[in-house]
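Chain by chain, the residues run as shown.
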Amino acid sequence: MLRFLEARTSSIEGFELVPQDCLQLVLRHVPGTRSPLSGEHKWNVLMEATTSDVGTDIVAELEALLGAALQQGIIADAVLAANEAQAEAFWKLREAISEAERAEGQTLAHDISVPVADMPRFIVEAAAAVEKAFPGVLATGFGHLGDGNIHFHVRAGSHAAPDWYEREGDKITRMVDDLVTAATGSISAEHGIGQLKLREFERLAPPGRIHALKAIKHALDPLGIMNPGKLVP
């Protein structure tokens, strides 16, 4: 659907992947939410379109594009927000996913990116690999697919326990990071390395890259007084 739209319009500003299991969590835990589509679909997408051309009927354009996608079997169902309130309700379904996951239980969050063309395969295969390696956990990917950046989360599922993060957290994260690296992606997409990912960054980044980063840091901060120990390993 993303490729279909990219080839036909420049109006799409947001393209957010919402798997059915994530949507169900939101509907279960976040009051005032309801599914905008009839029936259940394994994969859902929240799209937002905009235009600066006052002469463009963006609604008519979207209706035509969605109609064509339906005819070609690219999508199974679609609905357009009728007003601002309904649009906000649609966005709440996406933005409340993390909140719903916390209400459901323990979750390991990974902010990763891989090439856009490889993202569908990565989400399916990486989730299956993690669930096979740790039977009972639930893995899924959601978020802004259009720029190759998703949130790949692993929920504890039947492994839920007070010590789950300590017992399996590092092992799961290491596996996810290895899968991302093998797919020529990045273990940190929009949120940066920070402090939590320093060890993984040092383990996976090419030595030349680490050396270059340290050289730049030293050139700008020779005394090491700016965020010491937080920018590079």
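This text follows the structure it describes.
Here's what I pulled together on the structure shown here. (Residues numbered from 1 in each chain as written. Predicted model: local features only at pLDDT ≥ 70, side-chain atom pairs only at ≥ 80, totals over all residues. Heavy atoms only, no water.)

## Considering the packing of helix α6 (residues 119-133) against helix α7 (residues 164-182)
In step 1: Put simply, α6 and α7 touch, their axes get as near as 11 Å, and they point 150 degrees apart. By the angle between their axes, α6 is roughly antiparallel relative to α7. Crossing angle aside, the handedness with which α6 passes α7 is right-handed. Where α6 approaches α7, its residues F122, A126, A129, V130 and A133 are matched on the opposing element by I172, M175, V176, L179 and V180.
In step 2: Considering only residue class, the contact of α6 with α7 consists of 10 nonpolar, no polar and no charged. (Axes fitted to C-alpha atoms, helices over the stretch in contact; angles between N-to-C directions. Helix = DSSP H or I, 4+ residues; strand = E, 2+ residues; numbered from the N terminus. Parallel < 35°, antiparallel > 145°, perpendicular 65-115°, else oblique. Left-handed = near helix turned anticlockwise from the far one by under 90°. Contact = heavy atoms within 4.5 Å. Nonpolar A, V, L, I, M, F, W, Y, C, P; charged D, E, K, R; others polar.)

## What about the packing of aromatic side chains?
In step 1: What the rule picks out here adds up to two aromatic pairs.
In step 2: Judged by centre distance (5.3 Å) and plane angle (50 degrees), the rings of W164 and Y165 are tilted.
In step 3: For Y165, a relative accessible area of 36% puts it in the partly exposed group. (Phe/Tyr/Trp six-rings, centres within 6.5 Å; stacked < 30°, edge-to-face > 60°. Buried < 20%, exposed > 50% of the residue type's maximum accessible area, 1.4 Å probe, protein only.)

## Here's the deal with a nonpolar patch on the surface
In step 1: Together, L223, I225 and M226 make up an exposed nonpolar region whose accessible area comes to about 380 Å².
In step 2: A relative accessible area of 72% means that L223 is categorised as exposed. (Patch = residues over 30% accessible without salt bridge, like charges linked within 9 Å, V, L, I, M, F, W, Y side chains within 5 Å. Areas by Shrake-Rupley, 256 points an atom, 1.4 Å probe, with all protein chains shown as cover. Salt bridge = Lys/Arg side-chain N within 4 Å of Asp/Glu carboxyl O.)

## Side note on unusual backbone geometry
One can expect most non-glycine residues to show negative phi and most peptide bonds to be in trans.
In step 1: Positive phi values are uncommon outside glycine, yet T184 reaches one of about 55 degrees.
In step 2: Checked against the element boundaries, T184 lands in the loop between α7 and α8 (198-204).
In step 3: The phi dihedral of N227 falls on the positive side, at around 45 degrees, and the residue is not glycine.
In step 4: Among the secondary structure elements, N227 is positioned in the segment after α9 (207-220).

## Here's the deal with the sheet that holds strand β3 (residues 107-113)
In step 1: With respect to topology, five strands assemble into an open sheet ordered β2-β1-β4-β5-β3, the strand pairing being antiparallel. Pairing within the sheet leaves two strands with one partner each, and these edge strands are β2 (43-49) and β3. Looking at each pair of strands side by side, their axes are set apart by 20 degrees on average, direction ignored.
In step 2: Where β3 lies against strand β5 (residues 149-155), seven bridges are found, and the strand directions are antiparallel. From the neighbouring strand, I112 faces β5, where its bridge partner is I150.
In step 3: In the packing of helix α2 (residues 20-29) onto the sheet, the strands contacted are β1 (12-19), β2, β4 (138-144) and β5, and the crossing angle to β1 comes to about 85 degrees.
In step 4: Its contacts with the sheet place helix α4 (residues 84-95) against β1, β2, β4 and β5, and it is angled at close to 130 degrees to β2. (Pairing = 2+ DSSP bridges.)

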